[in-house]
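# Architecture at a glance
One-letter residues, chain by chain:
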Amino acid sequence: MDWRHVVLPALALGLGLIPSTARAERVVFINTDPVVLINTNGQDPVTNSYNTTGFTPGALGGWPALSEAQKTELLYWLKEGSVPFDVIYTFERPMSGSYDMIVMGSQADNAARFPGLGCSAAIGLADCNDGNAENISFLFWGCMSAADQADMHRTAFNIYAALGFGWGLENLAVSGQIMGSYTANALHFGNSCVNISGTQNCLGQHPGCSDPQQNSTSDLLSRLGARIDDGPPFVQITYPENDTVVPSDILVTANVGDLFGGVEVALEVVGQDMQLVDEKPPYGWSLTGIPQGTWTVRVTATDADGNVVSEESTFCVDLPACGVETGGDDTGGSSTGGGDTTGDGTTGGVDSTTGEPEPEPDPPSLTTGVPQNPTTFGGDTPETGCQCRADDRGTGGGPGALLLLLVLGGLTRRE
């Protein structure tokens, strides 16, 4: 049989679905809103204070064009890039406690806040050994190309570069990892000693390596801590709902949440020897040509700690096979329309004016549009006779960016 996985249009951002039992060593607030920065309280995200040579306090416009779907994808990539570490990301400012903050701005914001430096996508304070414990870092989306602005993988890479400076990391003379040059598989921190690019600013502060080298993973484990088991992920099948009648072409969708990254999400049709994995949100699988009868789908989420959670939904295809009876006219005939009440072979009621049999009532409304790039359904014979309720929702719903390292008392640029 031909099973093909399809990445589907975005669902609503499910930030409220993550468990809250873990306490992270580091919380990162991704601030997409406008913000006015001061320089009177040192390095303090809570009071929007940032202070270093070359910085001019004032306003940044945020990133108002960033959609909810892009936020969902960005959050996914940020979690995936820091799976080994104890880091939590949020788009809402924490009500209490300390945190790092990413602020965002245009090309004009870059020129105003860091005049004379040129346009750089990622800017952060060189906080050797993470001495401040919390910092403000900058993503200037206006210094990225239009294509890079639309690429949340690339955006996450630049955010990590900015955060990395505040966590005591330095630019690296390597490609394919964070703090080095961007590649398609670069969204991870390296786990070996590699050469630092340019002048080393944090001498003797890169665990396990001799100057001038850095092992980014060793650095971050010593400062942020290793990830902890936050408990099982959250799984909710959003379509089809349990015990509903659906058309033969459907889009199975699910909300899945976990505090950290590294979650694998898979769909299986119970009784079928197959499994479909969706790699990232929004989670969905398109199935077409489902035979009539009852079927059960199961969505399973497995997190990086080995916790497994599943949810099932049972649905029925084709009203007659589901045992759903359609209603007739309440002035005559059967109120359920379940049999021949007129003796003429029809199953509808009788018109009280003409005495003629009424046409059989239409079944509950079902949307039968075929999802784009559907997966052909096939396999074993389903059970029949479920007492399902009708559901009228149908198919449901170039070069790397320049990394700029700011150092207290001076600025250096990676060319």
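Residues numbered from 1 in each chain as written. Predicted model: local features only at pLDDT ≥ 70, side-chain atom pairs only at ≥ 80, totals over all residues. Heavy atoms only, no water.

### Section: the overall build of the protein chain
A tally of helices and strands in the protein chain yields six helices and 21 strands. Counting all 415 residues of the protein chain, 50% fall into the buried class. Approximately 17,600 Å² of the protein chain is accessible, and the part contributed by carbon and sulfur atoms is 49%. (Helix = DSSP H or I, 4+ residues; strand = E, 2+ residues; numbered from the N terminus. Buried < 20%, exposed > 50% of the residue type's maximum accessible area, 1.4 Å probe, protein only. Areas by Shrake-Rupley, 256 points an atom, 1.4 Å probe, with all protein chains shown as cover.)

### Considerations on the state of the cysteines
Per the stated rule, a full pass over the model turns up four disulfides. Across a sulfur-sulfur distance of 1.7 Å, Cys119 and Cys143 are joined as a disulfide pair. The chirality of the disulfide connecting Cys119 with Cys143 is left-handed, given an S-S dihedral of about -80 degrees. Within this pair, whereas Cys119 is found in the loop between α2 (107-113) and β6 (122-125), its partner Cys143 is found in the loop between β7 (136-140) and α3 (146-149), the two being separated by 24 residues in sequence. Linked covalently through their sulfurs, Cys316 and Cys322 form a disulfide whose S-S length is 1.9 Å. A torsion of -105 degrees about the S-S bond marks the disulfide between Cys316 and Cys322 as left-handed. (Disulfide = S-S within 2.5 Å.)

### Comments concerning the pairing of β6
Burial along β6 is two-sided: Ala122 and Gly124 facing one way and Ile123 and Leu125 facing the other are all buried. Where β6 and β7 come together, two bridges link them in antiparallel fashion. Looking at the pairing, Ile123 lines up with Phe138 of β7. (Pairing = 2+ DSSP bridges.)

### A few points about the nonpolar core
Ranked by internal contacts, the top residues of the largest apolar core, which has 42 residues, are Leu74, Leu78, Ile102, Met104, Ile159 and Phe189. Sorting the residues of this core by element identifies β1 (26-31), α1 (68-81), β4 (87-90), β5 (100-105) and α4 (152-166) as the ones contributing at least two each. Per-element tally for this core: the top contributor is α4, with nine residues. Not counting residues within four places of it along the chain, the set of residues in contact with Leu78 comprises Ile30, Tyr89, Ala156, Ile159 and Tyr160. If you look at the next biggest cluster of nonpolar residues, it comprises 24 residues, including Val269, Trp295, Val299 and Phe315. (Core = buried A, V, L, I, M, F, W, Y, C linked by side-chain atoms within 4.5 Å. Contact = heavy atoms within 4.5 Å.)

### As for the pairing of strand β16 (residues 293-302)
Within a regular beta strand, the side chains point alternately toward one face of the sheet and then the other, so they alternate between its two faces. Of all 10 residues that make up β16, eight are buried, and the element is covered over most of its length. By the bridge criterion, six bridges tie strand β13 (residues 264-269) to β16 in an arrangement that is antiparallel. Bridge pairing links Ala266 to Thr300 in β16. Pairing of β16 with strand β17 (residues 308-317) involves 10 bridges; the strand directions are antiparallel. For Gly293, the partnering residue across the bridge sits in β17 and is Val317.

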